[in-house]
Amino acid sequence: MPYTKRRRLVTSAVAIALGATALAACGSGSGDSETESGPVSLTYWTWAPGMDKVVDLWNKGPGKKDQITVTVKKQASGDALVTKILTAHKAGKAPDLVQAEYQALPTLVSNDALADISKNVGDAKDRFADGVWQQTTLGTDAVYAVPQDIGPMMFYYREDLFKEYGLTVPTTWDEFAQTARKLKKAAPDKDLTTFSANDSGLFAGLAQQAGAKWWTTSGDQWKVSINDAATQKVAKFWGGLVKEGAIDNQPMYTPAWNKALNTGKQIAWVSAVWAPGTLTTAAPGTKGKWAMAPLPQWSANENRTGSWGGSSTAVTTDSKHQEAAAKFASWLNTDSDALNALAKESGIYPAAKNAQTSGAFLKPPAYFSNQADFYSKAADIAETTAPSAWGPNVNIAYTTFKDAFGAAAKNKSDFGAALDKMQDDTVTDMKKQGFEVAE
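Residues numbered from 1 in each chain as written. Predicted model: local features only at pLDDT ≥ 70, side-chain atom pairs only at ≥ 80, totals over all residues. Heavy atoms only, no water.

**What about the overall build of the chain?**
Stated formally: Only DSSP runs of H or I with at least four residues qualify as helices, and only runs of E with at least two residues qualify as strands; both kinds are numbered from the N terminus onward. For the radius of gyration, the atoms used are the C-alpha atoms, and the globule rule reads 2.2 Å times the number of residues raised to 0.38. The cut-offs for exposure are 20% and 50% of the maximum accessible area for each residue type, with area from a 1.4 Å probe on protein chains only; residues under the lower value are buried, those over the upper are exposed, and the others partly exposed. Note on contacts: a residue pair is in contact if any heavy atoms of the two residues lie within 4.5 Å. Exposure was quantified through the Shrake-Rupley algorithm and a 1.4 Å probe, taking into account, for residues, occlusion by the shown protein chains and nothing else. Counted as positive: Lys and Arg. Counted as negative: Asp and Glu. His and the chain ends are not counted at all. Note on charges: their place is set at NZ of Lys, CZ of Arg, CG of Asp or CD of Glu.
Looking only at helices and strands, the chain has 18 helices and nine strands in total. The C-alpha radius of gyration of the chain comes to 22 Å, within 12% of the 22 Å expected for a compact globule of 439 residues. Across its three principal axes, the chain shows a C-alpha extent of roughly 70 × 50 × 40 Å. Residues counted as buried form 57% of the 439 residues belonging to the chain. The contacts in the chain between residues at least 6 apart in sequence include a share of 76% that link residues at least 24 apart. In the form shown here, the chain has an accessible surface area of approximately 17900 Å², with 49% of it arising from carbon and sulfur atoms. Distance from the positive charge centre (45 side chains) to the negative charge centre (45 side chains) of the chain: 5 Å.

**Re the layout of surface pockets**
Rule in force here: Both site types are read off a 1 Å grid over the protein atoms alone. A 1.4 Å probe that fits but cannot get out defines a cavity, while an open set with protein on both sides within 12 Å along at least five of seven lines defines a pocket; lining residues have an atom within 4 Å of a point. Grid points are joined across faces, edges and corners, and a volume is the space filled by probe spheres set on the points. The nonpolar class holds Ala, Val, Leu, Ile, Met, Phe, Trp, Tyr, Cys and Pro. Asp, Glu, Lys and Arg form the charged class, and all remaining residues, Gly among them, are polar.
The calculated volume of the second largest pocket comes to roughly 150 Å³. Residue lining of the second largest pocket: Q232, A235, K236, G239, G240, K243, K412, S413, D414, F415 and G416, and that is the complete set. For the lining of the second largest pocket, the secondary-structure elements that each account for two or more residues are helix 11 (229–244) and helix 18 (415–433). A total of six residues in the lining of the second largest pocket trace back to one element, the largest contributor, which is helix 11. Across the lining of the second largest pocket, the residue classes tally to two nonpolar, five polar and four charged.

**Here we look at the packing of aromatic side chains**
Each aromatic ring pair is summarised here by two numbers: the centre-to-centre distance and the angle between the ring planes. Note the threshold: The criterion for an aromatic pair is that two Phe, Tyr or Trp rings (for Trp, the six-membered ring) have centres within 6.5 Å, with stacked assigned to planes under 30 degrees apart, edge-to-face to planes over 60 apart and tilted to the rest.
Following the criterion strictly, the structure yields 42 aromatic pairs and no others. Between W390 and Y398, the aromatic rings sit 6.4 Å apart at their centres with planes inclined by 90 degrees, giving edge-to-face as the arrangement. Y398 carries the same exposure label as W390, and that label is buried.

**Here we look at the domain arrangement of the chain**
Spelled out, the test is: In this document the domain limits rely on a domain assignment from an automatic tool or a database. When two components associate, each loses some accessible surface as probed by a 1.4 Å sphere; the sum of these losses over both components is called the buried area. Here a polar contact is taken to be a pair of N or O atoms separated by no more than 3.5 Å, where protein atoms must pair a possible hydrogen donor with a possible acceptor and residues adjacent in sequence count only if both atoms sit in side chains.
Here the domain parsing of the chain yields domain 1 (40–150 + 310–355) and domain 2 (153–307 + 387–433). At the junction of the two partners, domain 1 supplies 11 residues and domain 2 supplies 11 residues. Summed over both sides, the interface between domain 1 and domain 2 buries roughly 850 Å², with carbon and sulfur atoms accounting for 55% of that surface. Taken together, domain 1 and domain 2 are joined by four residue pairs in polar contact (both at pLDDT 80 or more). Of all the elements in the fold, those that place two or more residues in the side of domain 1 that touches domain 2 are helix 5 (105–110) and helix 7 (130–137).

**Considerations on helix 16 (residues 374–382)**
Note the following rule: Working definition: the arc comes from the directions between the helix axis and the C-beta atoms, pointing outward to the latter.
Among all positions in helix 16, only F374, Y375, A378, A379, I381 and A382 are buried. Considered in projection along helix 16, the buried side chains sweep an arc of 160 degrees and stay on one side of the axis. Against the buried residues of helix 16 lie strand 4 (146–158), helix 13 (275–282) and strand 8 (290–294).

**Description of a negative patch on the surface**
Stated formally: Patch membership needs two things, relative accessible area over 30% and no salt bridge, and members are linked within 9 Å if like-charged or within 5 Å if nonpolar (Val, Leu, Ile, Met, Phe, Trp, Tyr). Salt bridge, as used here: a side-chain nitrogen of Lys or Arg that lies within 4 Å of a carboxyl oxygen of Asp or Glu.
There is a patch of like negative charges on the surface, built from D123, D126, D130, D380 and E383. With respect to the helices and strands, D126 occurs in the loop between helix 6 (118–121) and helix 7.

**Considering the side chain of N393**
Within the secondary structure, N393 is located in the loop between helix 16 and helix 17 (394–411). At a separation of 3.1 Å, a polar atom in the side chain of N393 contacts the main-chain carbonyl oxygen of T426. If sequence neighbours within four positions are ignored, N393 has contacts with T107, W215, T426, D429, M430 and Q433.

**A few points about the nonpolar core**
Inclusion rule: In these notes, a set of buried Ala, Val, Leu, Ile, Met, Phe, Trp, Tyr and Cys residues joined through side-chain atoms within 4.5 Å is what counts as a nonpolar core.
Within the largest apolar cluster, 145 residues are counted, with the highest numbers of intra-cluster contacts made by F195, W214, W215, W238, V270 and F405. Per element, the largest residue contribution to this core is eight residues, and it comes from helix 17. Counting the residues that make up this core, at least three belong to each of domain 1 (40–150 + 310–355) and domain 2 (153–307 + 387–433).

**Considerations on the pattern of salt bridges**
One pass over the structure, following the stated rule, counts eight salt bridges. Residue R181 pairs with E244 through a salt bridge whose shortest N-O separation is 2.9 Å. Of this pair, R181 sits in helix 9 (residues 173–186) while E244 sits in helix 11, and the two are 63 residues apart along the sequence. Residue class for R181 comes out partly exposed when judged on its relative accessible area of 40%. Judged by its relative accessible area of 44%, E244 is partly exposed.

**Description of empty space enclosed by the protein**
If a probe the size of a water molecule is rolled over the atoms, the empty space left behind becomes visible. Overall, the coordinates contain four cavities of 30 Å³ or more when judged by the stated rule. Of the volumes computed, that of the largest cavity is approximately 110 Å³. Of the residues in the lining of the largest cavity, the class split is eight nonpolar, two polar and one charged. The volume enclosed by the second largest cavity comes to roughly 90 Å³.

**Thoughts on the packing of helix 9 against helix 11**
Note the threshold: Lines are fitted to the C-alpha atoms to define the axes, a helix being fitted only along its stretch in contact, and any angle between axes, read from their N-to-C directions, falls within 0 to 180 degrees. For classification, angles of less than 35 degrees are called roughly parallel, those exceeding 145 degrees roughly antiparallel, those between 65 and 115 degrees roughly perpendicular, and all remaining angles oblique.
Helix 11 packs onto helix 9 with a crossing angle of 10 degrees between their chain directions and a minimal axis gap of 12 Å. For the element pair helix 9 / helix 11, the angle class is roughly parallel. Across the interface between the two elements, W173, F176, A177 and R181 from helix 9 touch F237, W238, L241 and E244 from helix 11. Taken together, the residues of the contact of helix 9 with helix 11 sort by class into six nonpolar, no polar and two charged.

**A few points about the confidence of the model for the chain**
Do not read the predicted coordinates in detail wherever pLDDT is low. How we decide: Every residue gets a pLDDT, meaning the predictor's confidence in that residue, from 0 to 100.
Scored by pLDDT, the chain comes out at a mean of 90, with 91% of its residues at no less than 70. With pLDDT under 50 throughout, residues 1–35 is counted as low confidence; its partners more than four residues away or in other chains account for 81 contacts.

**Considerations on the environment of V121**
Looking at the element boundaries, V121 is found in helix 6. V121 gets classed as buried once you look at its relative accessible area, which sits at 0%. Other than its neighbours up to four places away in sequence, V121 contacts W133, V143, V146, A326 and S330.

Rendered as structure tokens:
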């Protein structure tokens with residue numbers, strides 16, 4: 001199949017994950033590798049810390065029995081790894097397995113870099129929430145990866161300061177705005193939170209919760225709707241709070257932000273399940289003073305969250321041992337011993353439902369020792385993760401977000417215009433790459 005034709009068909013299938021009828025994937029990497037016999041050596045590119053210790057369990061246990069040995073090669077994460085994978089794939093030398101963020105899967109699939117391993121891991125589906133598994137199928141009958149970790153979003157707040165200022169934990173975004181205003185009136189030197197233009201993943205997750213559909217298809221064409229009604233609602237909401245001064249407009253993950261959390265200048269944070277680790281470093285002086293609650297909803301009868309972060313384990317089309325690689329990927333992300341080791345050594349929050357309230361997650365994070373039900377509540381929230389899918393140039397959309405929304409947040413100007421810029425740049429780039437984009 002010619003590359004351009006493959007790109008059009010596969011990327012169309014990717015966007016179908018946003019709600020249209022599922023289609024069978026097109027192309028190579030169908031998971032039809034021959035049954036392995038004799039010793040097999042696999043290479044796994046990953047950025048997760050401590051992964052070599054986790055893989056040792058395989059090499060000394062199931063892998064040894066099956067004569068399958070896995071070697072870990074530590075890599076950088078994000079766009080750097082995607083670029084390295086694609087470069088290696090063009091030379092036919094990609095590793096057998098790669099750790100891939102969910103938003104990177106469409107890019108890798110459209111470049112024919114990932115194998116369909118559905119015949120080898122399809123029975124793992126029930127281990128994961130539907131909204132999580134869907135991200136690795138791209139809305140098709142194929143399976144391009146096994147979910148590893150997820151980042152369901154939730155609301156964190158200073159329990160002591162909420163009580164001091166008579167604030168109620170918001171259950172809707174309208175209540176969230178009212179809470180921000182009430183705090184600002186009672187304590188002008190404090191902010192409920194900040195809008196951080198450095199964090200495109202946070203904004204994407206908020207849009208996901210609101211029902212955004214950034215990439216869809218129309219026939220054989222892509223349709224890009226980053227400035228759809230749902231995302232406009234999110235942008236208008238946060239832009240309005242910034243413009244009126246009800247919340248701060250400074251980026252997160254800076255010394256100033258750390259200080260604001262540690263001193264109580266900012267008393268809440270819209271984040272994800274991995275937040276305790278960040279707070280431990282950013283605000284060590286407030287340990288035991290925070291609590292976690294579900295993300296506010298756009299209407300009182302809704303119950304869903306967005307996702308900020310998460311990755312999967314994929315098998316490449318270059319692997320000569322796809323069946324063996326898929327067997328390892330499934331073990332790594334479904335076996336109880338492997339999942340406990342991933343939690344301990346790599347600090348991940350597992351995508352597998354059975355692991356979210358067992359092993360390392362029987363007790364709350366030390367930072368949240370005051371909230372005994374932290375992980376049981378987190379598991380309930382994770383189950384409500386809204387479906388999502390990504391397009392083939394998420395990196396461009398994210399880069400434009402940081403530039404356009406960064407300027408808008410700093411100047412307290414129109415977030416809608418920044419969203420339009422994000423839309424335009426994404427469409428322009430897709431056309432430049434040769435994708436068919438509907439006007």
